Amino acid sequence: MAMKNATGPRARGATRTNGHKKKSTAKAPRFNQAPSPDPTSQSGLGRDSLYLQMLNCSDDAFMLLQSQRDNDELVDLVLLEANTSALNLLKRDAADAIGQTASLLPHALFGPILNCAQWLTPQAPQQNTSVLHERAYLKISLHQLDADCVCVILRNAHKPAVGEQLQEKLARFLEAAPDAVVVADLEGRYLHANAAACELLGYSREEILHKQFSDIIPDIQRRTLLQAKKQMADGAQLTSEWSIQRSDGRVITVEVSGKILKDGHWLGFVRDITRRKNNERELRLAAAVFDNTREAIVVTDAERNVLAVNGAFTTLTGYSEREAKGHILCEYLYRSGKHDEEFYQTLWQRVDADGHWRGEVWSRRKDGEVFPSWQNISAVSDDNGNINHYVLILSDISEKKAAEMKLSYLAHHDALTGLANRIAFNGNLERAIHHAERNSSKVALLYIDLDNFKIVNDTHGHLAGDQLLQITADRLRRCVRGEDAVARMGGDEFTIVLENISSLEDAVGVAEKVIHAMDLPVRLASGEVDVGLSIGISLFPDHAQSLNDVTRTADAAMYAAKKYARNSYQVFHPQQI
């Protein structure tokens, strides 16, 4: 485009003095201002004037811009010339527009122009871009005339009039779309972004139009970006996941569906899938926990039909997932025979009422073995509060129960003889007295002490003494019924609680049987010894009416037997106290 009335970019634009920019005060000639007539022209109208009038008749917008640089870096553009169409596009008259920098002119137009001008070089003196401006797509061509002067041509890229209404509707649709929609050139420079894109990235529309793809994606994805560009250049529509950085620095994951259009622009639909990806990670974590936890887990529907079980369930019960799925839970776990139907009904009523239950339940394995399990059952409800699933977590507590039983046994039994200890004796006697009270029956307590035990212990040693106590305990067990309780009170003292006896003669008969049993020789590892017993007998409720009194009176009778005649028994008499 020839402009002979222009005095050159440095004369009309910014001049340089000692390396610094200085804005010229010379008034720039304008396309819509005719110069003085050329005296050599026969028509009295110069050729430059004809060129200017011709540009003013064009529907395309023509602008002449001068570059402002700082250390060879383009920082702004100054508008030197503009034809009538350009001024109409800017909605300004010549006086308000000419001489203004691009940063003071409408950014929607000059942002993409300034961005595109960055790429002008002597080797690439022409650059093209486009912009959506007031619902019209404008094709923009930039031409480098010399080192500082750029000619810009803007052309309305609307389709024929019959399609303008449809195109306007499409533009409104894209602007209102819930997903981000962006348009960029093949170099990755953004040309348009809808409202959703601005919200997604956290930038204003003007800020986005100053950016490129490479500004928002991590460096690690640059190579992937080049590969995607090549695939789309071959005509492919590509959908892939990307990590992008918002204006606040937060990195989000997006799904981008992109395609290169016939006009050479890249159109992309972008959706934030950060929450979905987080949910997927949580689901994978939950699945890993489900599959790898040591506790057995069962998931059922509202009717308690098994939907899923983990590997620990198969290990614990012997049932595979295929065997368990689709079957009612009680067919596998709740048929141990240890609980009645009322127990299970109460259990599930508590789950439905409280939302959870936990406790000890006896279960059955596939091979028929019954085992104690600790179960934690939770109800899962929908948004309306209706239960739609149950989750059951159970573990085998056989070892725990065995350990508890062992501790309980040690707490209530004598470690040497295996008989009940003093704690268990008190419980047994108390229980027998309560039973006798309810049934109007009698209870007898035999308090037993070994004669000459200290002599055996001192003569034959403590091991022999322990052996003697064990033999005595065994012989006492053989003298009583299964319902009677034998206990070692400590040292060489023993007791026998006789329940459901009708008279004193029953207790005397057992005492005589015990004395006779101990008359038999006692063979120890160190030799044979002879020992006897002294037994005191107290009867409830004849001699005492409480646990302490029964024990006290039987003990007094035992000391009377030891005092008056060893290896014998004495029935309590008040004079013994």
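Residues numbered from 1 in each chain as written. Predicted model: local features only at pLDDT ≥ 70, side-chain atom pairs only at ≥ 80, totals over all residues. Heavy atoms only, no water.

A. Here's a closer look at the overall build of the chain. Scanning the chain from terminus to terminus reveals 19 helices and 24 strands. Burial analysis of the chain (577 residues in total) assigns 44% to the buried set. For the chain, the share of sequence-separated contacts (at least 6 apart) that also reach a separation of at least 24 residues comes to 50%. (Helix = DSSP H or I, 4+ residues; strand = E, 2+ residues; numbered from the N terminus. Buried < 20%, exposed > 50% of the residue type's maximum accessible area, 1.4 Å probe, protein only. Contact = heavy atoms within 4.5 Å.)

B. Inspection of the pattern of salt bridges at higher detail. Applying the stated criterion across every chain, the model contains 25 salt bridges. Measuring nitrogen to oxygen at the nearest pair gives 3.4 Å for the salt bridge that ties D248 to R246. Residues joined by salt bridges that share partners form a network here, namely E241, E255, R276, K277 and E280. (Salt bridge = Lys/Arg side-chain N within 4 Å of Asp/Glu carboxyl O.)

C. Focus on the nonpolar core. Core analysis: the biggest nonpolar cluster contains 36 residues, and L446, I496, L498, V514 and I535 have the highest contact counts within it. Those elements that place two or more of their residues in this core are β18 (442-451), α16 (453-460), α17 (462-478), β20 (493-501), α18 (504-519), β21 (522-524) and β23 (532-540). Among the elements that take part in this core, α18 stands out by supplying eight residues, more than any other. In contact with L498, other than residues within four places in its own chain, are K442, V443, A444, L446, V480, R481, D484, A507 and V510. Counting 29 residues, the second largest nonpolar core, distinct from the first, contains L65, A82, A117 and V131. (Core = buried A, V, L, I, M, F, W, Y, C linked by side-chain atoms within 4.5 Å.)

D. Highlighting the pairing of β23. Taken across its nine residues, β23 has nine buried, putting it largely inside the fold. Of the two faces of β23, the one lined by G532, S534, G536, S538 and F540 and the one lined by L533, I535, I537 and L539 are each fully buried. In this sheet, β23 lies alongside β18 in antiparallel orientation, the contact comprising nine bridges. Along β23, the bridge assignment pairs V443 with F540. (Pairing = 2+ DSSP bridges.)

E. Spatial organisation of the confidence of the model for the chain. Across the chain, the average pLDDT comes to 84, with 88% of residues at or above 70. A low-confidence stretch, residues 1-30 stays under pLDDT 50, and its non-local contacts, those more than four residues away or across chains, total 61 contacts. Below a pLDDT of 50 lies the segment residues 32-46, which in the model reaches 16 contacts outside its immediate sequence neighbourhood of four places, other chains included. (pLDDT = per-residue confidence, 0-100.)

F. Representation of empty space enclosed by the protein in the model. Here the structure, examined in full by the defined rule, presents two cavities of 30 Å³ or more. Taken together, P112, N115, C116, T129, D185, R189, Y190, L191 and L209 form the lining of the second largest cavity. Breaking the lining of the second largest cavity down by element, the ones donating at least two residues are α5 (107-117) and β9 (190-193). Split by residue class, the lining of the second largest cavity holds five nonpolar, two polar and two charged. (1 Å grid on protein atoms, 1.4 Å probe; cavity = no way out; pocket = protein on both sides within 12 Å on 5 of 7 lines; lining within 4 Å. Points joined across faces, edges and corners; volume = space filled by probe spheres on them. Nonpolar A, V, L, I, M, F, W, Y, C, P; charged D, E, K, R; others polar.)

G. Just the sheet that holds β9, in detail. Pairing in this open sheet of five strands is antiparallel, and the strands run β9-β8-β12-β11-β10 from one edge to the other. The open sheet is flanked by β9 and β10 (238-245), the only strands paired with a single partner. Neighbouring strand axes in the sheet, compared pairwise and without regard to direction, differ in orientation by 30° on average. Inspection of the sheet shows strand β8 (residues 180-184) paired to β9 by three bridges, in the antiparallel sense. (Axes fitted to C-alpha atoms, helices over the stretch in contact; angles between N-to-C directions.)

H. Spotlight on the packing of aromatic side chains. Under the criterion given, the structure shown has four aromatic pairs. Taking 5.2 Å as the distance between ring centres and 75° as the angle between the ring planes, the aromatic pair formed by Y190 and F213 counts as edge-to-face. Pair noted here: Y190 is in strand β9 and F213 is in the loop between α8 (205-208) and α9 (222-233), with a separation of 23 residues, a long-range link. Assessed through its relative accessible area of 6%, Y190 is described here as buried. Each residue in the set Y190, F213 and W266 is aromatic and connected to the rest through ring pairs, giving one cluster. (Phe/Tyr/Trp six-rings, centres within 6.5 Å; stacked < 30°, edge-to-face > 60°.)

I. Inspection of the sheet that holds strand β6 (residues 136-144) at higher detail. Pairing is antiparallel in the open sheet, where five strands are placed in the order β4-β3-β7-β6-β5. Only two strands of the sheet have a single neighbouring strand rather than two, namely β4 (73-82) and β5 (126-133). Neighbour-to-neighbour, the strand axes of the sheet open up by a mean angle of 30°, direction not taken into account. Relative to strand β7 (residues 149-156), strand β3 (residues 61-70) runs antiparallel, the two being bridged by six bridges. If you follow A61 over to β7, its bridge partner there is L154. Across the sheet, α5 touches β3, β4, β5, β6 and β7, and the angle it forms with β5 is around 160°.

J. Focus on the packing of helix α15 (residues 422-439) against helix α19 (residues 547-564). Orientation of α15 relative to α19, taken along the N-to-C sense of each, is 110°, at an axis distance of 10 Å. The angle between α15 and α19 places the two elements in the roughly perpendicular class. Relative to α19, α15 is oriented so that their crossing is right-handed. Contacts from F425, N426, L429, E430 and I433 in α15 reach L547, V550 and T551 in α19. Partitioning the contact of α15 with α19 into residue classes produces five nonpolar, two polar and one charged. (Parallel < 35°, antiparallel > 145°, perpendicular 65-115°, else oblique. Left-handed = near helix turned anticlockwise from the far one by under 90°.)

K. Looking closely at the state of the cysteines. Here the structure, examined in full by the defined rule, presents zero disulfides. C151 provides the cysteine sulfur closest to C149, a residue in no disulfide bond, and the two sulfurs are 7.9 Å apart. Residue classification places C149 among the buried positions, given a relative accessible area of 6%. (Disulfide = S-S within 2.5 Å.)

L. View of the packing of α16 against α17. Contact pair α16 / α17: the axes reach a minimum separation of 6 Å and the direction vectors enclose 140°. Between α16 and α17, the crossing angle belongs to the class labelled oblique. Facing α16, whose interface residues are F453, V456, N457 and H460, α17 presents H462, A464, G465, L468 and L469. A per-class count over the contact of α16 with α17 returns five nonpolar, four polar and no charged.

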